[in-house]
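Chain by chain, the residues run as shown.
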Amino acid sequence: FLRHRLAMAGLIGLIILFGAGIFANFIAPYSFAQIDLNNILHGPTLQGNHFFGTDEIGSDEFSRVVYGIRTSLEVGVFVAVLSTFIGLIIGAIAGFYGGWGDNLLMRFTDLVLTLPFLAILLTAAALLGQGSQWRVSIILALLFWTGTARVVRGIFLSLREKEYVEAAKAAGAGDARIMFRHILPNTMGPVVVSMTLAVATAILIEAALSFLGFGIKPPTPSLGVLVASGQTNPQQWWLTIFPGLTIVLIVLCVNFVGDGLRDALDPTQRRVRA
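Residues numbered from 1 in each chain as written. Predicted model: local features only at pLDDT ≥ 70, side-chain atom pairs only at ≥ 80, totals over all residues. Heavy atoms only, no water.

Enquirer: Please explain helix 3 (residues 61-97) as it appears in this structure.
Expert: Residue pairs three or four apart in sequence face the same way in an α-helix, which turns once every 3.6 residues. Given a rise of 1.5 Å per residue, 37 residues ought to cover 54 Å, and the 53 Å separating the end C-alpha atoms of helix 3 matches this to within 8%. In terms of burial, helix 3 is a largely internal element, 27 of the 37 residues being buried. At the C-terminal side of helix 3, Gly-98 shows a positive phi close to 65 degrees. (Helix = DSSP H or I, 4+ residues; strand = E, 2+ residues; numbered from the N terminus. Expected span 1.5 Å × (residues − 1). Buried < 20%, exposed > 50% of the residue type's maximum accessible area, 1.4 Å probe, protein only.)

What follows is the structure, given as structure tokens:
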């Protein structure tokens, strides 16, 4: 991983961006909801620390972007962890036991995969999750677990017949211990990569929902909300460009890190490089 230049650059970028979001209270020169009617729609300037300019009510755009990064971080990490946990449980049970349980769980997974994702997401967000980043995150997680479940199930199917599993059974280990103590650690490489990439996907989907008006609602700061609000003032380019570029940078950095993790955790890649 350390030899993967893009992955290291992405990791440094994520540390800077997510660090800014985590410590937004100390980095942002203003509160994200602070109004200054004397500085309405001013372009980027060093005067008054308005590095990204101000919006239609005089709020500092840099402060709003920094707080928006925090919201995106909360959504991305929460969705990745929850969806990975759901996918792990379903995939492990299906792959370890097989039979009718495997068929039932995988047909349910296929059903979720065949649903029109955007239509279901917009409907669920409108009815249940609109306005709060946590409700939006839960809805996203309930639709994101399918990929992890299929990956884990495939690995469990290939590992459940291995000698160390048979030895654990002969030693009297229970099913839960075999699944989560002996087999699950061997699935963590692909799972970690999948979870990393889920962060970027969740941030993008949340931004799209907020942009369409079905996601997080003001005054909660969100990068998607900032891009959407900038559309009302097309001449003031900074209101759209800066939050949009921030989304692009976050997603690129996460993807670079995921690519580096995939190369580092894939034994075939290590053999090739060796």
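Enquirer: Just to check I follow, could you spell out the nonpolar core for this structure?
Expert: Nonpolar side chains in soluble globular proteins tend to be buried together. Counting 32 residues, the largest nonpolar core has Phe-18, Ile-69, Leu-223 and Ile-250 as the members making the most contacts within it. The dominant element in this core, judged by the number of residues it contributes, is helix 12 (residues 238-265), at 10 residues. Other than its neighbours up to four places away in sequence, Ile-250 contacts Leu-14, Leu-17, Phe-18, Ile-69, Ile-203 and Leu-223. Within the second largest apolar cluster, 18 residues are counted, among which are Val-79, Val-112, Ala-149 and Ile-216. (Core = buried A, V, L, I, M, F, W, Y, C linked by side-chain atoms within 4.5 Å. Contact = heavy atoms within 4.5 Å.)

Enquirer: Help me understand the confidence of the model for the chain, please; the structure alone is not making it clear to me.
Expert: Keep in mind that low pLDDT regions are not for reading the predicted coordinates in detail. In this model, the chain carries a mean pLDDT of 83, and residues with pLDDT of at least 70 account for 96%. Per-residue pLDDT, averaged within each element of the chain, yields its smallest value for helix 13 (residues 267-273) (49) and its largest for helix 1 (residues 5-22) (90). (pLDDT = per-residue confidence, 0-100.)

Enquirer: Teacher, can you tell me more about the packing of aromatic side chains here?
Expert: The geometry of an aromatic ring pair is captured by the separation of the ring centres together with the interplanar angle, meaning the angle of the planes. On inspection of all chains with the given rule, the structure shows eight aromatic pairs. Centroid distance Phe-51 to Phe-62: 5.4 Å. Interplanar angle 90 degrees. Geometry classified as edge-to-face. Placement of Phe-51 in the loop between helix 2 (24-27) and helix 3 and of Phe-62 in helix 3 is noted, with a sequence separation of 11 residues between them. Taken together, a centroid distance of 5.1 Å and an interplanar angle of 80 degrees make the contact between Phe-52 and Phe-62 edge-to-face. Here Phe-52, found in the loop between helix 2 and helix 3, pairs with Phe-62, found in helix 3; they are 10 residues apart in sequence, far enough to count as distant. Using a relative accessible area of 17% as the deciding quantity, one classes Phe-62 as buried. Through pairs of rings, three or more aromatic residues link up here, namely Phe-51, Phe-52, Phe-62, Trp-237, Trp-238 and Phe-242. (Phe/Tyr/Trp six-rings, centres within 6.5 Å; stacked < 30°, edge-to-face > 60°.)

Enquirer: What should I look at first to understand the side chain of Asp-263 in this one?
Expert: Following the sequence through the fold, Asp-263 ends up in helix 12. Only 3.5 Å separates the side chain of Asp-263 from the side chain of His-4, close enough to count as a polar contact. (Polar contact = N/O pair within 3.5 Å; in protein donor to acceptor, adjacent residues only side chain to side chain.)

Enquirer: Even after reading the chapter, I still don't get the packing of helix 10 (residues 188-212) against helix 12, so can you show me in this structure?
Expert: The relative placement of two packed helices is expressed as an angle between their axes plus a distance between the axes. Closest axis-to-axis distance for the helix 10/helix 12 pair is 9 Å, and the angle between their directions is 170 degrees. The pairing of helix 10 with helix 12 is recorded here as roughly antiparallel in orientation. Residues Gly-189, Val-192, Val-193, Thr-196, Leu-197, Val-199, Ala-200, Ile-203, Leu-204 and Ala-207 of helix 10 form the contact with helix 12, whose participating residues are Ile-247, Ile-250, Val-251, Val-254, Asn-255, Val-257, Gly-258, Leu-261, Arg-262 and Leu-265. Looking at the contact of helix 10 with helix 12 residue by residue, the classes come out as 15 nonpolar, four polar and one charged. (Axes fitted to C-alpha atoms, helices over the stretch in contact; angles between N-to-C directions. Parallel < 35°, antiparallel > 145°, perpendicular 65-115°, else oblique. Nonpolar A, V, L, I, M, F, W, Y, C, P; charged D, E, K, R; others polar.)

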